[in-house]
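# Structure assessment
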Amino acid sequence: MLKSRIGADLRKMREEAGISRAEVAARFMKAAAWPGHIETGLYQPSVGDMAMMLEWYGHPERTDFYTKLLARAKRGKDWWSSELFVDAAPGWFNFYLGLESIAEGLDGYDAMVPPGLLQTEDTARAIIRGARPDLSDQEIRRRAALRVARQDALRHREDGDPLRLNRVIDEFALRRPIGDPGVHRAQLLRLAEAAEQMPNVELQVLPVSVGAHPSIEGTFTVLAFPPEYVDDTGMVYVENREDGIYYKLEQQVQGFKDDLKILRTLALKPDKSISFIRTLAKEIHP
C-alpha cells in the first residue's frame, strides 16, 4: 500500500512541476515504462532516485519524510497482512488500513455505532455478527481482533506520535443496545475512559434533540496526514457494505470539514460529553 501511496504522490508532484514521464525516463536513463511503474506502486524507487526526483520536482524538503516511508515499505510493515490477520478484512479495506497507518489524525462523525478504534472486542464481535450473520464464529473473532489491534495506534507508534482521534458520536449510536447489557455498559465506559485518559482522543456527543443536521446521511472520516505529505488537504473515507469510497478533491474534502465544524458546534462539549456517556451507562445498566 505504501508503495502505491508514494507513487501517487510522486506522480502528483511531477505533474505539478510540468514534467513528463518520458523526461523522467530519459533523465534517469531508465526504460520508458519505469516512471509509470514507480507511480503505480509496481516498482519502488531507490533512496537516491527518490531524493533526485524530489529535488527535480521542487520538493527537496520532503526527502527525509519519503525516505522513512520507503524504509517502512521495504520492511513490510503492513501488520494487518500478517498470518494472524490475513484475509481478516475485505481486500478493499486494506487500502484504508494503509492510509490509517500513516495518518496523523482521524476526525469524523459516527452515526450508527461507536467508532471502531474505540470499540471493545465484545462490541466489535456483536456488530460484525449482526452485520454478517453468514460468517463463522472463527471469522468473526478474527475480524474483531483486527479491529482491536488497530487501536494500538492510539497508544504508541514506532515512527511518531500516537494517532489523534476526534469524533462526534450520535446519541443513537450510544443508545443502540449492541450485545448484552454488560457488553453495552462496558462499551460506554470504554468511550468515557478513553476520552478522559488519552490526550489524543476527543469525543463529542450529538444529542438526538438536534434533529436534522448536515451529516444526517451517515458516518464519515476525514484523514489528516503529516505536513510533509502531498495530500495535505486530507482525504475523506465513507464505507458501505461492499466498498470504501474516497473523496480526494479539495472542494469535496472541505465540504466534509465544513459539515464537521457544524456538528461540533451542535454537539455537547467534550467534558459534558464524557458526563453524558457515564450517566447513560448508569441509566441503561445501573
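Above this text sits the structure in question.
The text that follows walks through the structure, step by step, so that each part is easy to find. Given the structure is predicted, the values throughout are model-derived calculations rather than measurements.

## Considering the overall build of the chain
Counting its secondary structure elements, the chain contains 12 helices and 6 strands. What you see for the chain is a C-alpha radius of gyration of 21 Å, in line with the 19 Å of a compact globule of 286 residues. Oriented by its inertia axes, the alpha-carbon framework of the chain measures out at about 70 × 40 × 30 Å. Within the span of the chain, comprising 286 residues, buried residues form 47% of the whole. For the chain, the accessible area works out to roughly 14,300 Å², and carbon and sulfur atoms hold 52% of it. Charged side chains in the chain number 39 positive and 43 negative. The centres of these two groups are separated by 2 Å.

## A word on the pairing of strand β4 (residues 220-224)
Taken across its 5 residues, β4 has 4 buried, putting it largely inside the fold. Note: strand β1 (residues 105-110) against β4, 5 bridges, orientation antiparallel. Residue aspartate 107 lies in a different strand from β4, and its bridge partner there is valine 222.

## Digging into the sheet that holds β1
Here we have 6 strands laid out as an open sheet, ordered β3-β2-β1-β4-β5-β6, and mixed in their pairing. One side of each edge strand has no neighbouring strand; the edge strands of this open sheet are β3 (201-206) and β6 (244-247). Mean inter-strand twist for the sheet, computed between neighbouring axes without regard to direction, equals 15°. Here β1 runs beside strand β2 (residues 164-170); their pairing, made up of 6 bridges, is parallel. Paired with leucine 106 across the two strands is leucine 165, which belongs to β2.

Calculation criteria
Residues numbered from 1 in each chain as written. Predicted model: local features only at pLDDT ≥ 70, side-chain atom pairs only at ≥ 80, totals over all residues. Heavy atoms only, no water. Helix = DSSP H or I, 4+ residues; strand = E, 2+ residues; numbered from the N terminus. Rg over C-alpha atoms; globule rule 2.2 N^0.38 Å. Buried < 20%, exposed > 50% of the residue type's maximum accessible area, 1.4 Å probe, protein only. Areas by Shrake-Rupley, 256 points an atom, 1.4 Å probe, with all protein chains shown as cover. Lys, Arg positive; Asp, Glu negative; His and termini not counted. Charge placed at Lys NZ, Arg CZ, Asp CG, Glu CD. Pairing = 2+ DSSP bridges. Axes fitted to C-alpha atoms, helices over the stretch in contact; angles between N-to-C directions.

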